[in-house]
Amino acid sequence: MSFMIPENISIETFRGCNARCIMCPVEQWAPPYGPMKDEVFSCLVRQMSEFKDKLKSVALFGNGEPLLDKKLEKRIVECKQAGIANVGFTSNGSLLTETRAAGIIEALPDWIVISFDSLDKEAYENIRIRLKFEQVLAGINNLIAARNRRKAKTHISLRFIEQEKNKGQFEGYVSFWAPKLDADLDELHYGKEHNWASGPEAFYGNTPCGFVFHKSYVLRDGSVVLCCTDSNAEYNFGNVMETPLLEIMNKPRWQAIRQLHASGKRSSMKLCSACNIPELNNEGVLSMKMTPSGTVFSSDTLTPFDNEQAKSGAKQPFTILHQP
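Residues numbered from 1 in each chain as written. Predicted model: local features only at pLDDT ≥ 70, side-chain atom pairs only at ≥ 80, totals over all residues. Heavy atoms only, no water.

Some details on the overall build of the protein chain
Here is step 1: Of the regular secondary structure elements, the protein chain holds 12 helices and 16 strands.
Here is step 2: Relative to a compact globule of 324 residues, whose C-alpha radius of gyration would be 20 Å, the protein chain shows 19 Å and is just as compact.
Here is step 3: Projected onto the principal axes, the alpha-carbon positions of the protein chain cover approximately 50 × 45 × 40 Å.
Here is step 4: When burial is assessed residue by residue, the protein chain has 56% of its 324 residues classed as buried.
Here is step 5: Long-range pairs, those at least 24 residues apart, make up 71% of the contacts in the protein chain with a sequence separation of at least 6. (Helix = DSSP H or I, 4+ residues; strand = E, 2+ residues; numbered from the N terminus. Rg over C-alpha atoms; globule rule 2.2 N^0.38 Å. Buried < 20%, exposed > 50% of the residue type's maximum accessible area, 1.4 Å probe, protein only. Contact = heavy atoms within 4.5 Å.)

Some words on the packing of aromatic side chains
Both the distance between ring centres and the angle between the ring planes are used here to describe each pair of aromatic rings.
Here is step 1: Taken as a whole and judged by the stated rule, the model has 14 aromatic pairs.
Here is step 2: Look at Phe-160 and Tyr-173: their rings are 5.0 Å apart centre to centre, the planes differ by 65 degrees, and that puts the pair in the edge-to-face class. Residue Phe-160 is located in strand 9 (residues 155-162), and its partner Tyr-173 is located in helix 6 (residues 170-177); the two are separated by 13 residues in the primary sequence.
Here is step 3: Its relative accessible area of 1% is what places Tyr-173 among the buried residues.
Here is step 4: On the basis of an interplanar angle of 25 degrees and a centroid distance of 5.6 Å, the ring pair of Phe-170 and Tyr-173 is categorised as stacked. Separated by 3 residues within a single helix, Phe-170 and Tyr-173 lie in helix 6, roughly one turn from each other.
Here is step 5: An aromatic cluster is built from Phe-116, Tyr-124, Phe-133, Phe-160, Phe-170, Tyr-173, Phe-176, Trp-177 and Tyr-190, whose rings are joined through pairwise contacts.
Here is step 6: In this arrangement the basic side chain of Arg-75 is found over the ring face of Phe-41, its NZ or CZ atom lying 5.1 Å from the centre.
Here is step 7: Taking NZ or CZ as reference, Lys-180 lies 4.0 Å from the ring centre of Phe-176, over its face. (Phe/Tyr/Trp six-rings, centres within 6.5 Å; stacked < 30°, edge-to-face > 60°. Lys NZ or Arg CZ within 6 Å of the ring centre and 35° of its normal.)

Remarks on the nonpolar core
Here is step 1: Ranked by internal contacts, the top residues of the largest apolar core, which has 84 residues, are Met-48, Leu-60, Trp-177 and Leu-226.
Here is step 2: No other element matches the 7 residues that helix 5 (residues 133-150) contributes to this core.
Here is step 3: For Met-48, the contacting residues outside a window of four places in its chain are Ile-9, Ile-11, Leu-55, Val-58, Cys-79 and Ile-84. (Core = buried A, V, L, I, M, F, W, Y, C linked by side-chain atoms within 4.5 Å.)

Considering the side chain of Ser-118
Here is step 1: Summarising the element assignment, Ser-118 is placed in the loop between strand 7 (111-115) and helix 4 (121-127).
Here is step 2: Among the polar contacts listed, one links the side chain of Ser-118 to the backbone nitrogen of Asp-120, at a separation of 2.9 Å.
Here is step 3: Of note is the side chain of Ser-118, whose polar atom sits 2.5 Å from the side chain of Gln-169.
Here is step 4: With sequence-adjacent residues up to four places away left out, Ser-118 is seen in contact with Ala-123, Tyr-124, Phe-133, Phe-160, Asn-166, Gln-169 and Tyr-173. (Polar contact = N/O pair within 3.5 Å; in protein donor to acceptor, adjacent residues only side chain to side chain.)

Some details on the pattern of salt bridges
Here is step 1: One pass over the full model with this rule turns up 15 salt bridges.
Here is step 2: Here Glu-27 makes a salt bridge to Arg-20, at a shortest N to O gap of 3.2 Å.
Here is step 3: A relative accessible area of 63% means that Glu-27 is categorised as exposed.
Here is step 4: Between Asp-110 and Lys-80 there is a salt bridge, and its shortest N-O distance comes to 2.5 Å. (Salt bridge = Lys/Arg side-chain N within 4 Å of Asp/Glu carboxyl O.)

Quick look at the confidence of the model for the protein chain
Here is step 1: Overall, the predicted model of the protein chain reaches an average pLDDT of 91, with 93% of residues at or above 70.
Here is step 2: Per-residue pLDDT stays below 50 along residues 318-324; that stretch engages in 12 contacts with residues further than four places along the chain or on separate chains. (pLDDT = per-residue confidence, 0-100.)

Laid out in structure tokens, this is it:
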């Protein structure tokens, strides 16, 4: 296999969450919880800066709610000062007070994704357990207002994961948010649930997973693991405090795993065999990205946020979501 330089990196800046969303395996996350140490984060930033021209996206979140990290704003600034582009995070939005939203925007992240699955209070609170509908809706509005006041170029994306409790609500969701979002900057994300590599079936397919070819996942202690589903480091390839990230990503064990995927033998790996992400991605339903008015520009979950090349290409109407 050729030398691998990750295009996208996810960094678990905080492990732990204030929500218990019904589609999330949060109860399975092993301790310790809390923020990533400054020395681990700074070490990683120094390493990323060495190949920053190859990076397409850096996500400052992993198994947890990043806004629980009181140093999140400083971490964004540290990345930006190192010349790292396209830095952002995904959040449940529950902690976006006016003050926190303004502080986050002042750090000038490139993108922020807020997971917000319904405009119906009952449906939302039955999905996002422990969170309050009115508080999160206010937080999103705080974020939009702070971005607009600052005239920042931060892309705000609202993510809707369709499931039984909110089925059929997305078209109304588009109508509600379209006039509130910036048509040139912002996005809506429509998606389906995946099984976090813990499905009841022993085999979902042998589609190669793009995650192993394009992404790096770093846990709060600096451990580099297989992917977003490897929350408890079943596959631990090394620690950035001991070995540079690029060296870790090109160890023989990592190369062997990429070769297994490339040769259609993904199911020979325990974690991968129980995962349905590659197949859902092939169907184009796992993460469908669109303009605020509902024009789809990408259905590849590996496409980084703010993908201008995708946005300028052929576009499809939202109605494709409802075709058989």
